[in-house]
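Architecture at a glance
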Amino acid sequence: MQAPNTEFSRAGSLEELRAKGRIVMHGHHRPILVIYDRGRVVALDNRCPHMGFPLERGSVEDGILTCHWHHARFALESGCTFDLWADDVPVCPVEVRDGEVWVKTEFAHADPARHWEQRLADGLAHDLSLVIAKAVQGQLAAEVPRADIVRQVALFGARNRDGWGVGLTILTALANLLPVLPEEEAYLALFHGGRHVAADCDGAAPRRERAALGSRLDAAVLKRWLGRWVAVRHREAAERTMLTGNRGRALSSRTRRIASRGRDGAGVRRQRTLARLHQQGIRMPRPDRLGARGGGAADRGRPDGGSPRCRGINRLAAAR
Ligand code: FES
């Protein structure tokens, strides 16, 4: 009997599989679980993607495979999990020919870099450390440059939180170390950077797009308005004014610098951080396109000038 394809290995006869319900066979890199369920044959990685419990000891009911260690559940046919913290189980192609079951014993992805990029996006979006860890590892194994991974995480953080969080600072600090870190530490740096950014963004309001004002205005007017909005910590107004100035290049770079300083140093930190990322070869959109972090509305108009951060802004504004 001929194998349908040299990449496929024989798992056993369909009759045997039907009688036993499941068979574990050797895979290229790890054991593969072959399951017969209501006329269908599926093959999956036998290790639970959560913490490696052998799935052969799980139970199948109504097309759902349940791991008996932490009770993660998976759609049998696709391997997709219903419990996101557990991650999906890799599945492999199966062919039944002449009453024999053949399984492709490799869990390769057609485009591994693309696959792990998407998994990192999923892990960040759902704040799943396990998925982030695997996706970083997968991208590094697929020889994705470290800088590209940092860029993906940084852009996620900039777009999914309406302000600059500690996670982006941690990511930046670790990204600065990447050129001197050996492989294993580089992996840890990327993972922890991603984990903190994801935690920052979890449940946070995403960055909101703001538009330039509809009219063309004199640079002097825009500068005056910008000073006013910075002084009263009116973030949206300051941002729209800056965007208007940027559109026509009406505001000088010095004015833009003052505005970013006016955001209590967060703007300055952001500029420095982005400059450092740039030095690492990680290009980010211009800061004014990523949204700006200003003080909280609670600080606005407080007679004592608000928090120390707020008082710093007011001092800067007054110094102008
Ligand atoms: S090892 Fe399977 S759910 Fe934890």
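Residues numbered from 1 in each chain as written. Predicted model: local features only at pLDDT ≥ 70, side-chain atom pairs only at ≥ 80, totals over all residues.

Going by what an unreviewed UniProt entry lists, the chain is known as 3-phenylpropionate/cinnamic acid dioxygenase ferredoxin subunit and is assigned to Methylobacterium isbiliense. For the record of the chain, the UniProt heading Sequence similarities (unreviewed entry) holds the text "Belongs to the bacterial ring-hydroxylating dioxygenase ferredoxin component family." Quoted verbatim from the Cofactor (unreviewed entry) field of the UniProt record, the comment on the chain reads "[2Fe-2S] cluster". (UniProt positions renumbered as here; feature names shortened; annotations may be inferred.)

A word on the environment of proline 112
Looking at the element boundaries, proline 112 is found in helix α2 (residues 112-126). Given 15 C-beta atoms within 10 Å, proline 112 falls into the partly exposed group. Among residues more than four places away in sequence, those in contact with proline 112 are Gly138 and Ala142. (Helix = DSSP H or I, 4+ residues; strand = E, 2+ residues; numbered from the N terminus. Buried ≥ 20, exposed ≤ 12 C-beta atoms within 10 Å, placed from the backbone. Contact = placed C-beta atoms within 7 Å.)

Here's the deal with the nonpolar core
Nonpolar side chains in soluble globular proteins tend to end up buried together. Grouped together as the largest cluster of nonpolar side chains are 26 residues, with contacts concentrated most on Leu124, Ile132, Val136, Val150, Val153, Leu171 and Val197. Elements with a contribution of two residues or more to this core: α2, α3 (129-141), α4 (146-159), α5 (166-177) and α6 (183-201). Leave out the neighbours within four places in its chain, and valine 153 touches Leu124, Leu171, Gly193, Gly194 and Val197. Counting 24 residues, the second largest nonpolar core, distinct from the first, contains Ala11, Ala43, Cys48 and Cys67. (Core = buried A, V, L, I, M, F, W, Y, C linked by C-beta atoms within 7 Å.)

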